[in-house]
Amino acid sequence: EGRKMTEKLEAQLNRGAQAKRLLDDPLLKEALDAIERKHLEDWKLAATPDVREQLHHGYQAALLFRGLLTAAVQNGNFAKTQLEQIAAQQKRNKR
């Protein structure tokens, strides 16, 4: 069971690193910023409540996308800490 936990944590660590690379990618950051800005600007100028609601949903989707990647980074950081603790414990147990 310890091996399964380690594998799960390693997968979480890898996902976090991948998410960080995406969030740090200048093109993706520029695209997300542009999507959020455009939806917000259009929302302010929307002529009808229906259009405003559609734009709000688009804006929220962009925020959710960024938030999911951010959560993956945080989970990866947590997994790294857990793996370091497991390694330290294993080292102590070998003494």
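Residue positions are given per chain, counting from 1 as you read along its sequence in written order. Residue-level local features of this predicted model are given only where pLDDT is at least 70; pairs of side-chain atoms are given and counted only at 80 or more, and the full residue set underlies all totals for whole chains, interfaces and linings. In computing side-chain properties, one takes all heavy atoms of the structure into account and sets aside hydrogens as well as water.

Chemist: Hey, could you run me through the pattern of salt bridges in this one?
Modeler: As a working rule, side chains carrying opposite charge can pair if their charged atoms are close by. When a carboxyl oxygen of Asp or Glu is within 4 Å of a side-chain nitrogen of Lys or Arg, the pair counts as a salt bridge. Within the structure shown, the criterion is met by 6 salt bridges. Close ionic contact of Asp-33 with Lys-29 constitutes a salt bridge, the shortest N to O distance being 3.1 Å. A residue pair is termed a helical-turn pair when its members lie 3 or 4 positions apart in one helix, as Asp-33 and Lys-29 do in helix 2 (residues 26-45) at 4 residues. Think of it in three bands: with a 1.4 Å probe and only protein chains considered, a residue is buried below 20% of the maximum accessible area for its type, exposed above 50%, and partly exposed in between. The partly exposed category is assigned to Lys-29, whose relative accessible area is 42%. The partner of Lys-38 in a salt bridge is Asp-42, and the shortest N-O contact between them spans 3.1 Å. With Lys-38 and Asp-42 both in helix 2, this residue pair falls 4 residues apart, about one helical turn. Of the residues examined, Lys-38 reaches a relative accessible area of 46% and is grouped as partly exposed. Helix and strand assignments follow DSSP, with helices taken as H or I runs no shorter than four residues and strands as E runs no shorter than two, numbered in order from the N terminus.

Chemist: Can you help me understand the side chain of Thr-6 in this one?
Modeler: Here Thr-6 lies in helix 1 (residues 2-24). For Thr-6, the residues in contact, after removing those within four places along its chain, are Leu-83 and Ile-86. Residues are treated as being in contact if the distance between any of their heavy atoms lies within 4.5 Å.

Chemist: Got a minute to help me understand helix 2 in this structure?
Modeler: Turn by turn, an α-helix covers 3.6 residues, leaving residues three or four places apart pointing in a common direction. Between its terminal C-alpha atoms helix 2 stretches 28 Å, which fits the 28 Å expected from 20 residues at 1.5 Å a residue. N or O atoms within 3.5 Å of each other form a polar contact, as long as, within protein, one can give a hydrogen and the other can take it, and as long as residues adjacent in sequence are counted only when both atoms are side-chain atoms. The opening residue of helix 2, the one whose side-chain oxygen lies 2.9 Å from the backbone nitrogen of Leu-27, is Asp-25. Helices are assigned an expected span. That span is 1.5 Å times one less than the residue count.

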